[in-house]
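# Fold and geometry: a report
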Amino acid sequence: MENIKTGFHPPMGWNSWNTFTWDINEDLIKQVADVFVEEGYKDAGYEYIVIDDCWSLKQRDENGNLVADPEKFPSGMKALADYIHSKGLKFGMYSCAGTHTCAGYPGSFEYEFQDAKQFASWGVDYLKYDYCYKPRAMDGELLYRRMALALKNSGRDILFSACNWGEDHVHDWIRSAGAHMYRSTGDIQDNWDSIKRLANSQMDKAPFTGNFCHNDMDMLVVGMRGGSNNDFIGTIGGCTDTEYKTHFALWCMMGSPLMIGCDIRKADAMTKRILMNKNFIAINQDDEARGFYVLHPEPQWLTDSGCFILVKVLADGDLAIGFFNLGEGQRGIPLQFWDLGLSTASGEMLSLYDCWEEKELGVFKGQYHVVVPSHDCVILRGKIVPND
Ligand code: GAL
């Protein structure tokens, strides 16, 4: 999917952190770029390849510049960027608003303009900006404003991905500070409880997402299957296929950036089917990037047991409708069409398409009822059909 302008759609790509943490090097990054092209990720819309924490030396050089670790990146960052660009992809890197990154490497505090120029000279297209070791007396908003300004004036078009874990009421100020996406949650872990917790935490955040500044629910764990060398992310590692599918559907319906976190060199067929589901991706990448609204199905015990419906109004007038059952046990979830704005009197109907099964379900009037297994979801695309 062509980006009209940087940050217009929720960014899509891959990030090294979830699986590899400190164990990164240029061969790995190049292989990910190759896989993006050869296995269809690029065609599906994924474009940014992002190196997270642990890429630099622990000290700046005598001129105060950040230095790529020559053991991990012997050819240097410019050469790596060139390789990624030669594949028609974009290159992302990572720094931090504090004095140090979370893993203890130099942060950009008080070096914002210098580092932004450095990233631009390497050919960086995306900067993830973390929140560790922020001097207590400094205001986070100011530091994100600073880096946003530095990037905008770096001479290169660089997407700004803010990462302050949803703290300090970030949704109130991050769009005007200049970020293109911002973490609206804490860190994800490769387990179902984490996915559920992050999704539930976003129910009141929908009004804040939109073109040029997207709510970021953190990187995807789809396909990780417990394979992380990070103790935090890998705790109680792994999800079922159904849970990974529901995770991806939630991130798509909620408009989150889609940053893959698994080792895509080893992705199995189900992982690819989920990550490259074109119908889910089309909902996520819809041009108007509207936040979802939530319908809590009656009766109350259905809602209490983890069932809800997310609806997203799409640019062409269609509705994306996601029936989610995050609870235990199979449930029937009813949808009344008047809750979508359809009028009973004039009797408009909905032509429904199942985005996972990839099949037309037919034309329905008044209501639709779907049975959703535990931890699963049903994602439909509805087209309004006049009653004549
Ligand atoms: C965390 C951040 C993670 C990852 C990590 C690197 O603060 O939320 O996504 O970037 O730091 O140390």
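About the cut-offs
Residues numbered from 1 in each chain as written. Predicted model: local features only at pLDDT ≥ 70, side-chain atom pairs only at ≥ 80, totals over all residues. Heavy atoms only, no water. Axes fitted to C-alpha atoms, helices over the stretch in contact; angles between N-to-C directions. Helix = DSSP H or I, 4+ residues; strand = E, 2+ residues; numbered from the N terminus. Parallel < 35°, antiparallel > 145°, perpendicular 65-115°, else oblique. Left-handed = near helix turned anticlockwise from the far one by under 90°. Contact = heavy atoms within 4.5 Å. Nonpolar A, V, L, I, M, F, W, Y, C, P; charged D, E, K, R; others polar. Buried < 20%, exposed > 50% of the residue type's maximum accessible area, 1.4 Å probe, protein only. Phe/Tyr/Trp six-rings, centres within 6.5 Å; stacked < 30°, edge-to-face > 60°. Lys NZ or Arg CZ within 6 Å of the ring centre and 35° of its normal. Pairing = 2+ DSSP bridges. Right-handed = clockwise from strand over helix to strand, strands pointing away. Near = heavy atom within 4 Å. Polar contact = N/O pair within 3.5 Å; in protein donor to acceptor, adjacent residues only side chain to side chain. Areas by Shrake-Rupley, 256 points an atom, 1.4 Å probe, with all protein chains shown as cover. Domains from an automatic or database assignment. Buried area = accessible area lost by both parts, 1.4 Å probe. Salt bridge = Lys/Arg side-chain N within 4 Å of Asp/Glu carboxyl O.

## Side note on the packing of helix 8 (residues 192-200) against helix 10 (residues 241-253)
Each pair of packed helices can be summarised by the angle the axes make with each other and by the distance between the axes. Where helix 8 meets helix 10, the closest approach of the two axes is 11 Å, and the angle between their N-to-C directions is 20°. It follows that helix 8 is roughly parallel to helix 10 by the angle criterion. At the point where helix 8 passes helix 10, the crossing takes the left-handed sense. Touching Trp192, Ile195, Leu198 and Ala199 of helix 8 are Glu243, Thr246, His247, Leu250 and Trp251, all from helix 10. Its residues assigned to classes, the contact of helix 8 with helix 10 comprises six nonpolar, two polar and one charged.

## So, helix 5 (residues 112-122)
All buried positions along helix 5 are accounted for by Glu112, Asp115, Ala116, Gln118, Phe119, Ala120 and Trp122. Close packing links the buried residues of helix 5 with helix 4 (77-86), strand 3 (90-96), strand 4 (126-130) and helix 6 (140-152). In the segment just after helix 5, Gly123 is the residue with positive phi, at about 90°.

## Some words on the packing of aromatic side chains
Scanning the entire structure with this criterion turns up 20 aromatic pairs. Geometrically, the ring pair formed by Phe36 and Tyr41 is stacked, given 5.8 Å between the ring centres and 20° between the ring planes. Exposure class is identical for Phe36 and Tyr41. Each is buried. A ring pair is formed by Phe364 and Tyr368, whose centres lie 4.7 Å apart and whose planes are at 75°; its orientation type is edge-to-face. A connected cluster of aromatic rings, assembled from ring pairs, spans Tyr129, Tyr131, Tyr144, Phe160, Trp165 and Trp173. The ring of Tyr105 carries the charged tip of Lys58 above its face, separated from the ring centre by 4.7 Å.

## Digging into the pairing of strand 5 (residues 159-162)
Regular strands have side chains that alternate between both faces of the sheet. Side chains Leu159 and Ser161 project from strand 5 onto one buried face, and the interleaved Phe160 and Ala162 project onto a second face that is buried too. Judged from the four bridges that link them, strand 4 and strand 5 form a sheet pairing that is parallel. When the sheet's bridge partners are listed, Leu127 is paired in strand 5 with Phe160. Following the chain from strand 4 across helix 6 to the adjacent parallel strand 5, one finds a crossover that is right-handed. As paired elements, strand 5 and strand 6 (residues 181-183) share two bridges and run parallel to each other. Across the sheet, the residue bridging to Ser161 is Met181, located in strand 6.

## Notes on the sheet that holds strand 7 (residues 214-216)
With parallel pairing, the eight strands of this open sheet are ordered in space as 7-6-5-4-3-2-1-8. Bordering the open sheet on either side are strand 7 and strand 8 (258-260), each of which pairs with just one other strand. Taken over all neighbouring pairs, the strand axes of this sheet differ in orientation by 25° on average, direction set aside. In the packing of helix 4 onto the sheet, the strands contacted are strand 2 (48-50) and strand 3, and the crossing angle to strand 3 comes to about 140°.

## Observations concerning the site of the ligand
Taken together, Trp17, Asp52, Asp53, Tyr94, Cys102, Lys128, Asp130, Cys163, Trp165, Arg183, Asp187 and Met219 are the residues near the ligand. Between the ligand and Asp130, the relevant distance is 2.7 Å, taken from an oxygen atom to a side-chain nitrogen or oxygen of the residue. Burial of the ligand by the protein chains amounts to 95% of its free accessible area of 310 Å². Residue composition of the shell around the ligand, by class: six nonpolar, no polar and six charged.

## Topic: the domain arrangement of the chain
When its domains are assigned, the chain resolves into domain 1 (12-284) and domain 2 (292-386). Each of domain 1 and domain 2 has a C-alpha centre, and these two points are 32 Å apart. At the interface, 26 residues of domain 1 touch 22 residues of domain 2. When domain 1 packs against domain 2, close to 2200 Å² is buried across both sides, 68% of that on carbon and sulfur atoms. Of all residues in domain 1, Lys245, Met253 and Ile283 bury the most surface against domain 2, accounting for 29% of the area lost on that side. For the interface between domain 1 and domain 2, the tally reads one salt bridge.

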